[in-house]
Amino acid sequence: MKTSVLRYLLLPAALVGSLSLYALRSEERVVPDPDNAGLKLPAGFKALVAAETGGRARHITVTPQGLIYVKLNRPNAAGKGILTLRSTATGKAEAVGGFGNYGGTGIYAKGGYLYASSDEEVFRYQLNAKGEVVNPDKPEKVVTGLINRRQHESKSVVVDNDGNLYVNVGAYSNSCQVKDRQKGSLGQPNCPILDSAGGIWQFRADKLNQNYGTGTRYATGLRNVVGLDWNAQAGQLFVIQHGRDQLHDIFPEMYTTQQSAELPAECLYALKKGDNAGWPYMYYDGQQRKKMMAPEYGGDGKKEATGNFIEPAAAFPAHTAPNGLLFYTGTLFPERYRNGAFIAFHGSWNRAPEPQKGYYVVFQPFKNGKPSGDWEIFADNFAGDAAKAAAGRPDHKPCGLAQGPDGSLYVTDDKKGTIFRIVYQK
Amino acid sequence: MKFALVTLLGLLIGATPAALAQQKKPTPKGKTAAKPAVSGAVTPAMLAAGKTIYTQNCLTCHMADGGGVETMNPPLSKTTWVLGEKTRLIKVLLNGLQDQDIDGEPYRNVMPAQDLTDQQIADVLTYVRNSFGNKASAVKAAEVKAVRASNK
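A quick note: this is a predicted structure, and the numbers were derived from the prediction, not measured.

Moving on, we come to the overall build of chain B. A count of helical and extended segments in chain B gives eight helices and zero strands. Ordered by position from the N terminus, the helices and strands of chain B form the series α-α-α-α-α-α-α-α. Taken across its 152 residues, chain B has 39% of its residues classed as buried. Taking the contacts inside chain B whose residues are at least 6 apart along the sequence as the reference set, 60% of them involve residues at least 24 apart.

Encoded structure:
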């Protein structure tokens, strides 16, 4: 009797207690979209549209305090090239402000500074204790005078743990032909583009007004890198290259349209100072796993490359355009994702008449700073459906990646300007 | 499997106008040539010939639907460059094009000069000017020849 009375007395109290606990928890819990923002994800992963920027959202970075900075390819209607957002309790990101009157791609926060690039220069902005930009209208110019001849114009940036800044300078050419993309045109001897482009340049993150003369060509033979990240486990810079286009269009007697669609692989490289990845003299055949001599430089579709060119760390389907690389160090996702690489594939255009491909985020597992095991598609269907992907007319084109302080994965889209947020919820 | 089916369906739908053009093609050669050419008239034979050249030389960059690739390769549908003055359009194929905004939009890839005959250029431009939602007069080989002569 006594116990049952006690039970009845305790029950409402327990209920109220658990309800308030639940309320507290749900307040902090990210609320995924019912359709996971249209994405297809592995079990346990959920997604939401965190924000619609309305601009061509290129790279993205999140400060430890949770402020989100997005670089737009060109300034928006208000003339802002960088957007500031803040995560709300439900996981949506609210616009906080904007600054920077230039378009571009690169943005990266580290060591109390925000680095951002136009297609010719790299700027930095000091951040305060809240992760806010102190002087949005007074950026410091870290690097100036980088080459931009429209093609492969993006300058992606990352900073290592020793204060070095790495910047990609893409080659303003497909394959260093005498006449770019002209049928049958051969390669320029000793490709002169490589002097000022087609590689990664290293600068100091804390010195102003650096240029080609004061920087170092850290690695060469990289046609166009958009995705790059520092791997702290390996203590190494990783970059992922956009491989050359149009083998069939330029050398129809050597390559079928199908070979042209499947060659060359998009390659992930682990770089050391002085490395040469071989562009324009070679391309990588992902099926044969061989470095092949480029037809512009004596190749015939069968000859292997000669020269001291590095091997890729991993290879991915041709023309799928990797634009974002992120080593995941968070604890929100299951253990197997830790220190592995997420890669955002912008999607192809030059695979016709084969179906176009890409428009997804891939996961490449790593172990001890090296790729370990096969890559897999992690987040799919940015295109909207298979037909839109095959036609090369996707709804969204994944571009930049960033990790939130809670371990969420942010993905930008430079077609509609959507910011996706992917979480793991058991 | 589902993907393959959807793709196949997409290809079939995409191929339909081509199939129609192919069906109309077997007009006897002599007959087409004998017809007094109405200035700027577009014939199915011209379209069929133009489509073949488009597929071989243009489709990779401008895509099967003529929509181009945003920020890289300009679209061919309803642009002033395709529908406007023929001389300027013919020169794009003869000389190539670079660092040129199209209707206010920058495009990054280079358009290479095309090694095609006057007739081939006339056919492919006629096809482009009458595909992808475009409707405009034909381009004749004589027009290409005249532009080529004054080009250098």
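Anyway, onward from the coordinates.
Residues and elements named next belong to chain B. Between helix 7 (residues 118-129) and helix 8 (residues 141-149), the shortest axis-to-axis distance is 8 Å and the interhelical angle comes to 120 degrees. As for the relative orientation of helix 7 and helix 8, their crossing is right-handed in sense. Counting all contacts with helix 7, which are made through D118, Q119, I121 and A122, the residues of helix 8 involved are A141, V144, K145 and R148. Broken down by class, the residue content of the contact of helix 7 with helix 8 amounts to four nonpolar, one polar and three charged.

Residues and elements named next belong to chain A. Taken together, the four strands give an open sheet; going across it, the order is 6-7-8-9, and neighbouring strands pair in antiparallel fashion. Edge positions in the sheet fall to strand 6 (107-110) and strand 9 (140-143), since each has one partner strand and no second. Neighbour to neighbour, the strand axes of the sheet diverge by 30 degrees on average, direction disregarded. When strand 7 (residues 113-117) meets strand 8 (residues 122-126), the two strands line up antiparallel, connected through five bridges. Residue A116 lies in a different strand from strand 8, and its bridge partner there is F123.

All names here are of chain A. Under the defined criterion, the tally for this structure stands at one disulfide over all chains. Here C176 engages in a disulfide with C191; their sulfurs sit 2.2 Å apart. With the S-S bond torsion at 100 degrees, the cross-link from C176 to C191 turns out right-handed. Taken as a pair, C176 in the loop between strand 11 (164-169) and strand 12 (199-204) and C191 in the loop between strand 11 and strand 12 lie far apart in primary sequence, 15 residues in all. Exposure class is identical for C176 and C191. Each is buried.

Let's shift gears to the interface of chain B and chain A. Contacts between the two partners involve 28 residues from chain B, matched on the other side by 25 residues from chain A. Taken over both partners, the interface formed by chain B and chain A buries close to 2300 Å², and the fraction arising from carbon and sulfur atoms is 49%. It is B:T60, B:E70 and B:R108 that lose the most area in chain B upon contact with chain A, and together they represent 26% of the buried surface on that side. The interface formed by chain B and chain A includes eight salt bridges. Of the charged contacts, one joins A:R56 and B:E105 as a salt bridge, the two residues approaching to 3.5 Å between their closest N and O atoms.

Counting across every chain of the model gives 26 salt bridges over all chains. For B:E70, the salt bridge is made with A:K397, and the minimal N-O distance between the two is 3.0 Å. In this pair, B:E70 sits in the loop between helix 4 (59-62) and helix 5 (80-83) while A:K397 sits in the loop between helix 4 (386-390) and strand 27 (398-403), so the two residues belong to two different chains. Residue classification places B:E70 among the partly exposed positions, given a relative accessible area of 30%. A:K415 is paired through a salt bridge with B:E70; the nearest N and O atoms lie 3.6 Å apart. Taken together, the positions of A:K415 in the loop between strand 28 (409-413) and strand 29 (418-424) and B:E70 in the loop between helix 4 and helix 5 put the pair across two chains. Here the residues in one salt-bridge network are A:R56, A:R74 and B:E105, joined through shared partners.

Ranked by size, the top nonpolar core spans 44 residues in total, and within it A:L165, A:I200, A:L222, A:L237, A:V239 and A:L271 carry the most contacts. Looking at this core element by element, the count peaks at four residues for strand 11 of chain A. Of all hydrophobic cores here, the second largest spans 26 residues; its members include B:I53, B:L59, B:L93 and B:V147.

Residues and elements named next belong to chain A. Taken in spatial order, the five strands make up an open sheet running 10-11-12-13-17, and their pairing is mixed. Lying at the two open borders of the sheet, with one neighbouring strand each, are strand 10 (157-159) and strand 17 (275-276). The pairing of strand 11 with strand 12 spans six bridges and is antiparallel. Bridge pairing links N168 to I200 in strand 12.

Glancing now at the confidence of the model for chain A. Residue and element names in this part refer to chain A. In the predicted model, chain A carries a mean pLDDT of 94, and the fraction of residues at 70 or more is 93%. Overall, residues 1-6 carries pLDDT values under 50, and its contacts beyond four positions in sequence, including any with other chains, amount to zero contacts. Between residues 9-27, whose pLDDT stays under 50, and residues either more than four places distant or in other chains, the model counts one contact.

Okay, the side chain of A:D249 next. One can find A:D249 in helix 2 (residues 247-250). Within the buried set, A:D249 has no salt-bridge partner at all; the shortest N-O distance to an opposite charge, 7.2 Å, is to A:K183. Side chain to side chain, A:D249 and A:Q246 meet in a polar contact 3.0 Å long. At 2.7 Å, the side chain of A:D249 forms a polar contact with the side chain of B:T60.

With that out of the way, let us pick up the pairing of strand 19 (residues 290-293) of chain A. Each regular strand shows side chains that alternate between the opposite faces of the sheet. All names here are of chain A. As judged from the four bridges shared by strand 18 (residues 282-285) and strand 19, these two strands associate in the antiparallel manner. If you follow M282 over to strand 19, its bridge partner there is M293. Between the end of strand 18 and the start of strand 19, which pair antiparallel, lie four residues, with R289 showing a positive phi angle near 55 degrees.

A few words now on the packing of helix 6 (residues 86-95) of chain B against helix 8 of chain B. All names here are of chain B. At their nearest, the axes of helix 6 and helix 8 sit 10 Å apart, and the two run at 70 degrees to each other. Taken together, the axes of helix 6 and helix 8 are roughly perpendicular relative to one another. Here K86, T87, I90, K91 and L94 of helix 6 lie close against helix 8, whose contacting residues are E143, V144, V147 and R148. Here the contact of helix 6 with helix 8 is composed, by residue class, of four nonpolar, one polar and four charged.

What follows is about helix 7 of chain B. Compared with an ideal rise of 1.5 Å per residue, which puts 12 residues at 16 Å, helix 7 of chain B spans 16 Å between its outermost C-alpha atoms and is within 8% of the ideal. The inward-facing, buried residues of helix 7 of chain B abut helix 3 (44-57), helix 5, helix 6 and helix 8 of chain B.

With that settled, the discussion passes to the side chain of A:E121. All names here are of chain A. Mapped onto the secondary structure, E121 falls in the loop between strand 7 and strand 8. The class for E121 is buried, based on a relative accessible area of 16%. At 2.7 Å, the side chain of E121 forms a polar contact with the side chain of T144. Not counting the four nearest positions on each side in its chain, E121 is found in contact with A116, K141, V143, T144 and G145.

Rules behind the numbers
The residue numbers shown here count from 1 along each chain, following its written sequence. Whichever chain is written first becomes A and whichever ligand is written first becomes 1, with later ones labelled in order. Thresholds applied to this predicted model are a pLDDT of at least 70 for local features of residues and 80 or more for the giving and counting of side-chain atom pairs; totals over whole chains, interfaces and linings are not thresholded and use all residues. Side-chain descriptors were evaluated using all non-hydrogen atoms of the structure, hydrogens and water having been removed beforehand. Labels follow the DSSP assignment, with helices taken as runs of H or I lasting at least four residues and strands as runs of E lasting at least two, numbered in each case from the N terminus. Remark: exposure states derive from per-residue accessible area (1.4 Å probe, protein chains only) relative to the maximum for the residue type, with buried under 20%, exposed over 50%, and partly exposed in between. It only takes one pair of heavy atoms within 4.5 Å for two residues to be counted as in contact. Fitted lines through C-alpha atoms give the axes, limited to the stretch in contact for helices. The angle between two N-to-C directions lies from 0 to 180 degrees. A crossing counts as left-handed when the near helix is turned anticlockwise from the far one by less than a right angle, and as right-handed when that turn is clockwise. Just so you know the grouping, Ala, Val, Leu, Ile, Met, Phe, Trp, Tyr, Cys and Pro go in nonpolar, Asp, Glu, Lys and Arg go in charged, and all remaining residues, Gly too, go in polar. Only when DSSP finds a minimum of two bridges between them are two strands counted as paired. In what follows, a disulfide is any cysteine sulfur pair within 2.5 Å. By definition, the buried area sums, over both parts, the 1.4 Å-probe accessible area that each loses when the two are put together. We define a salt bridge as a contact between a side-chain nitrogen of Lys or Arg and a carboxyl oxygen of Asp or Glu at a distance within 4 Å. Only buried residues count toward a nonpolar core, which is a set of Ala, Val, Leu, Ile, Met, Phe, Trp, Tyr and Cys residues joined through side-chain atoms within 4.5 Å. Note: pLDDT gives the predictor's confidence per residue, expressed from 0 to 100. Charge assignment in this entry is limited to Lys and Arg as positive and Asp and Glu as negative, and neither His nor the chain termini are counted. Two N or O atoms count as a polar contact when they lie within 3.5 Å, although within protein this holds only if one can serve as hydrogen donor and the other as acceptor, and sequence-adjacent residues are included solely when both atoms are side-chain atoms. Put simply, angles under 35 degrees are roughly parallel, angles over 145 are roughly antiparallel, angles from 65 to 115 are roughly perpendicular, and the rest are oblique. To estimate the expected span of a helix, count its residues, drop one, and scale the result by 1.5 Å.

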